[in-house]
Amino acid sequence: WTGSDADGDALVYTLQYSRNGGATWSSLATNLSATSYNLDAASLGGTNQALVRVIASDGVHTAEDTSDATFSVSRKPPQVYLLSPAAGATFHRNAFIELDGLASDLEDGPLGDAALTWTSDRQGELGTGPNLTVMGLRPGAHTLTLRARDSDGMTSTASVTIYIGTQLWLPVMAR
């Protein structure tokens, strides 16, 4: 973009993005002095009604310009984060195990209980929601997976392997 000030004052720019044809805006960058900005579209929520707006200010007066037409940005799958249990954690056979995770989506924001499903590779579905307490997992290694599904039907997962049972340390005998 280009910008100028009638009395030669320096201009500062704000770059904004709208996913809904200009009904609402979010700032992508502020206090810019350059007249260009490299933006990674992977960080933008997907839509068929995208607009970009540049606001220029000389400290007293402001002016703005919006892209001439809407454009499309591809939709993104959710991002899933496992908070607990820790990878490689060992639990006694009848221990209560706290499963904690969360997921967020660039289009939907934080995903709710129904969008999150916990599974074990050994015992199948364990339950739904960001927090779940399980007990009675079979002895051995379990890969626990949190799957998130957004409103577009896109899914992502995060997994952790834990162990159920008692670790045995066997002595090594050398001859």
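Residues numbered from 1 in each chain as written. Predicted model: local features only at pLDDT ≥ 70, side-chain atom pairs only at ≥ 80, totals over all residues. Heavy atoms only, no water.

Enquirer: Before we move on, could you go through the nonpolar core and cite the residues and values that matter?
Expert: In terms of nonpolar packing, the biggest core is built from 20 residues, with Ile97, Leu99 and Ile162 touching the most fellow members. Contributions of two or more residues to this core are made by β8 (97–105), β10 (116–120), β12 (131–134), β13 (140–149) and β14 (155–164). A per-element tally of this core places β14 first, with four residues. (Core = buried A, V, L, I, M, F, W, Y, C linked by side-chain atoms within 4.5 Å. Buried < 20%, exposed > 50% of the residue type's maximum accessible area, 1.4 Å probe, protein only. Helix = DSSP H or I, 4+ residues; strand = E, 2+ residues; numbered from the N terminus.)

Enquirer: Explain the pattern of salt bridges residue by residue, including any values.
Expert: Using the criterion set out here, one finds two salt bridges in the structure. Residues arginine 53 and glutamate 64 are paired through a salt bridge, measuring 3.5 Å at the closest nitrogen-oxygen approach. Here arginine 53, found in strand β3 (residues 47–57), pairs with glutamate 64, found in strand β4 (residues 62–66); they are eleven residues apart in sequence, far enough to count as distant. Its relative accessible area of 14% is what places arginine 53 among the buried residues. The salt bridge partner of aspartate 152 is arginine 75, with a shortest N-O separation of 3.8 Å. Linking aspartate 152 in the loop between β13 and β14 with arginine 75 in the loop between β5 (71–73) and β6 (79–84), this pair joins segments that are 77 residues apart in sequence. (Salt bridge = Lys/Arg side-chain N within 4 Å of Asp/Glu carboxyl O.)

Enquirer: Quick one: what's the story with a nonpolar patch on the surface, residue by residue and with numbers?
Expert: On the surface, Trp1, Tyr37 and Leu39 cluster together to form a nonpolar patch covering roughly 260 Å² of accessible area. As for its placement among the helices and strands, tryptophan 1 is situated in the segment before β1 (12–18). By relative accessible area, tryptophan 1 is classed as partly exposed at 32%. (Patch = residues over 30% accessible without salt bridge, like charges linked within 9 Å, V, L, I, M, F, W, Y side chains within 5 Å. Areas by Shrake-Rupley, 256 points an atom, 1.4 Å probe, with all protein chains shown as cover.)

Enquirer: Talk me through the packing of aromatic side chains; I want residue IDs and the actual numbers.
Expert: To describe a pair of aromatic rings, one takes the distance between the centres and the angle between the planes. Evaluated as defined, the whole model comprises one aromatic pair. Judged by centre distance (5.6 Å) and plane angle (65°), the rings of tryptophan 1 and tyrosine 13 are edge-to-face. In this pair, tryptophan 1 sits in the segment before β1 while tyrosine 13 sits in strand β1, placing the two residues twelve residues apart along the sequence. (Phe/Tyr/Trp six-rings, centres within 6.5 Å; stacked < 30°, edge-to-face > 60°.)

Enquirer: Describe the sheet that holds β14, listing the residues and the values that go with them.
Expert: Here five strands make up an open sheet; going across it, the order is β7-β14-β13-β10-β11 and the pairing mixed. Two strands bound the open sheet, and with one partner strand each, they are β7 (90–91) and β11 (124–128). In the sheet, β7 pairs with β14 via two bridges, with the strands oriented parallel. Each bridged residue has a counterpart across the sheet, and for phenylalanine 91 the counterpart in β14 is isoleucine 164. (Pairing = 2+ DSSP bridges.)

Enquirer: An account of the confidence of the model for the protein chain is needed here, citing residue identities and associated values.
Expert: The predicted model of the protein chain averages 94 in pLDDT, with 98% of residues at 70 or higher. Ranking the helices and strands of the protein chain by mean pLDDT puts β10 first, with 98, and strand β9 (residues 109–110) last, with 95. (pLDDT = per-residue confidence, 0-100.)

Enquirer: Before we move on, can you summarise the pairing of β10 with the specific residues and values?
Expert: In terms of residue burial, β10 counts as a mostly covered element, since four of its five residues are buried. Sheet topology note: the β10/β13 ladder contains five bridges and is antiparallel. Its bridge partner lying in β13, threonine 119 is registered against threonine 145. Pairing of β10 with β11, which is carried by four bridges, proceeds in the antiparallel orientation.

Enquirer: Please provide a residue-by-residue account of unusual backbone geometry, values included.
Expert: Following serine 84, the chain continues into proline 85 via a peptide bond in cis, with omega recorded as 10°. Mapped onto the secondary structure, proline 85 falls in the loop between β6 and β7. For asparagine 31, which is not glycine, the phi dihedral falls at a positive 55°. One can find asparagine 31 in strand β2 (residues 26–32).

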